Amino acid sequence: MPHPQGGPPAHPVPAADTEAAPGAVRRTASGAAGPPAGAGLRPPARPVLRAAAALAAALLALSLLSLLTGSNTIPMSRSWDFLTGDPSARADAHVRLAVMDVRLPRTLAGILVGAALGAAGCLLQAVTRNPLAETGLLGVNSGAALGVVVGLTYFGTDSAYGILLWALAGGVLASGVVLLLAASGRAAASPLRLVLAGSALGATFHGMTSYVLLGTQSTFDDYRYWTIGSLANVETSTALALAPLVVAGLAIAFGAVRPLSALALGDDAARALGHHPARIRLVVAVAVTLLAGAAVAMAGPIAFLGLLAPYAARVVTGPRMAPQLLLSALVAADVMIAADILARIVIRPWETPVSVLLALVGGPLLIWIARSRGMLSLGAPGARS
Amino acid sequence: MIRVTADPTTLDDTAPAPAPGAGASAATPAGHELVVEGLRAGYPGQLAVRGVDLTVPAGRVVAVVGPNGCGKSTLLRAVARLHKPESGRVRVGDADIWQLKQRQAAHRVALLPQSPQPPEAVTVAGLVRYGRHPHQGLFRQWSREDERAVREALEATGVAALAGRRLDQLSGGQRQRCWLAMVLAQETPVVLLDEPTSALDMGHAVEVLGLTREVAAAGRTVVMVLHDLASAARYADTLVAMNDGLVVASGAPRDIVDAQLVKELYGVDADILPAPGDGSPVVVPAARTATDRPGTDRGQPDADRGQAGTNRGRAG
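The rules behind the values
Residues numbered from 1 in each chain as written. Chains lettered and ligands numbered in written order. Predicted model: local features only at pLDDT ≥ 70, side-chain atom pairs only at ≥ 80, totals over all residues. Axes fitted to C-alpha atoms, helices over the stretch in contact; angles between N-to-C directions. Helix = DSSP H or I, 4+ residues; strand = E, 2+ residues; numbered from the N terminus. Parallel < 35°, antiparallel > 145°, perpendicular 65-115°, else oblique. Left-handed = near helix turned anticlockwise from the far one by under 90°. Contact = placed C-beta atoms within 7 Å. Nonpolar A, V, L, I, M, F, W, Y, C, P; charged D, E, K, R; others polar. Pairing = 2+ DSSP bridges. pLDDT = per-residue confidence, 0-100.

## Details of the packing of helix α5 (residues 172–185) of chain B against helix α6 (residues 202–217) of chain B
Residues and elements named next belong to chain B.
- Running from amino to carboxyl end, α5 crosses α6 at an angle of 20°, the nearest separation of the two axes being 9 Å. Put simply, α5 runs roughly parallel to α6. Regarding α5 and α6, the two cross each other, and that crossing is right-handed. Across from Gly172, Gly173, Gln176, Arg177, Leu180 and Leu184 in α5, the residues of α6 making contact are His204, Glu207, Val208, Leu211 and Val215.
- Class assignment of the residues belonging to the contact of α5 with α6 gives a composition of 5 nonpolar, 4 polar and 2 charged.

As structure tokens, then:
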């Protein structure tokens, strides 16, 4: 392909007119292969914004539906009356209990857990360059499990709140140990070290958990329930108490987006662009710890969502990091709330654990994404179509 | 279309005046000389670079040549602030690269690593935008300045028409020009290229090498590691020949490339002919049969020898 050397650029663009530049470049692409939307120098924001708005609207609608739906016999219209301030519904203690004390907290928790898992999965897949990374990778889940078992067995914890605290402490501690291990030594915090340290400690914690469980029957029953994963036991106050962890994790994540995206070029190129790969990995791992720790404390070890959501997001966003993170969090929150609503109604009047539904719904969804054209190269039909 | 501009000047000459050309712009920091002083780098007990001094005036194309493992890549990495030297200094203008923060260093030196990995499904414009990272920050987002730099880099490398295409759908030559555009968008006075032509056919290699001349014409300094001695001789103002961690010769290609140098670097007997046209040295390795190989006198793998012109192996 000959290229004019030393001569004027093949397609001169008025230097002073910055705004016209994307359009000018687009015209020179002569339409054959370059898509109009992707031909500008800046990535097209509109498809992402549209998708984000749609997902946010869906989240609002699903949250409302979540407040209206229950596994009990209260009709939806009655719950609606309560929400719109109908005096007779407001006076009904039964409805109040169902909406305010049961459905509101689990809806809040669902949004937080979903957003946390979606964002954490997205971060981990980027930082470890491992398309199968999910939030269990840093030992958060196995650490939380060990925390719960220790709390149940040796400290007689019996409240949902107590279990939550043990899970949070175990998850954050485990992740901290993994990070210390991965960051020490000469080749600090390479993706491989991170993954290896996570798996090794995960296995260790798992063994310790099993060892403790063998001792006591009652612990085993409680643990078995916890390990399935559910939003049913969260209270509004605890959801709000854990919200700052999720918010902090998301804030760190969005702050680290640009350096994180540079890691995709390899460590050398990232450093040549002025970044610190090891530092980026640690910062991102801290964000993942906050997000996944809060999620596992509220809902138990639900990991699948963190794997699924980034793939769904990439269908729209392509490889760009910030939109991916945003859409991943929104998708996961939507799926989480939807699954939790289904959990209440599929075998009414009993409840199904939400993780079971996530697996039942999410598995086919992931397969569908994998079969769609967008997935073939980690998803960027947006860059082409 | 080879545009021969190799100017047989020596290292100590004054820099050629920056000419208007691709990559030239008011914002491009030009006119900084690159100085390497007493550089020793490698690993404890095994230095790959054992004391290198180098002064490169602005606006030059310098090719570093030498056998695999001679330390040329380590030299490049130390200059780019990727590999901390045991001792010695790297200066660009009056700034000591290793005294700067990583990001400040990235304002002065850009590096295109050998076979860089592209982010999956990235577009050409998306890739070139990475070059602006050192100029952005948490609270300094995309600016008109970034827009201009990216556009100029795309045009300078002739890939503006491909801006919206996906990198993985382009040919190898187009892709390499896109990577070059990314490095140029960084707008640094010094541009380092680690074997920029190693995966390209002759036509695309010539294109990329021609681009380096244009970048230098704009007042920037290009230092590249090359395996192909013939192209190095034709496109570089200055050749720096390294062997065993030391510079064994440096200067204008036609002054330093001779049979003795080729023998010293690669252990190969060769004929050196002046190219018709500009007289730059052409290296023609002597025919050799498997039986008269000299063995492993310098500890080099046999496969890497005898084909200095076409070697695509990893530089040490």
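## Focus: the sheet that holds strand β1 (residues 34–43) of chain B
All names here are of chain B.
- The sheet built from 4 strands is open, its strands ordered β2-β1-β4-β5 with antiparallel pairing. Of all the strands in the sheet, just β2 (46–56) and β5 (95–96) have a single pairing partner and so form its edges.
- Pairing geometry for β1 and strand β4 (residues 87–92), over 5 bridges, is antiparallel. Each residue of the ladder has a partner; that of Leu34, found in β4, is Val92.
- Against the sheet, helix α1 (residues 72–79) contacts β1, β2 and β4, and its axis sits at roughly 115° relative to β1.

## Points about the confidence of the model for chain B
All names here are of chain B.
- Confidence in the prediction of chain B, expressed as mean pLDDT, is 81, and 81% of residues score 70 or more.
- Low pLDDT (under 50) marks residues 1–28, which in the prediction has 65 contacts with non-local residues, meaning those over four places away or in another chain.
- Contacts of residues 295–316 to residues separated by more than four positions or lying in other chains number 43 contacts, the stretch itself having pLDDT below 50.
- Here the predicted complex carries an ipTM of 0.78, next to a pTM of 0.78.

## A word on the pairing of β1 of chain B
All names here are of chain B.
- Bridge count for β1 against β2 is 8 bridges, and the pairing is antiparallel. Counted as the bridge partner of Val36 is Leu54 from β2.
- A loop of 2 residues connects β1 with β2, the two strands running antiparallel in sequence, and Gly45 in this loop sits at a positive phi of about 85°.

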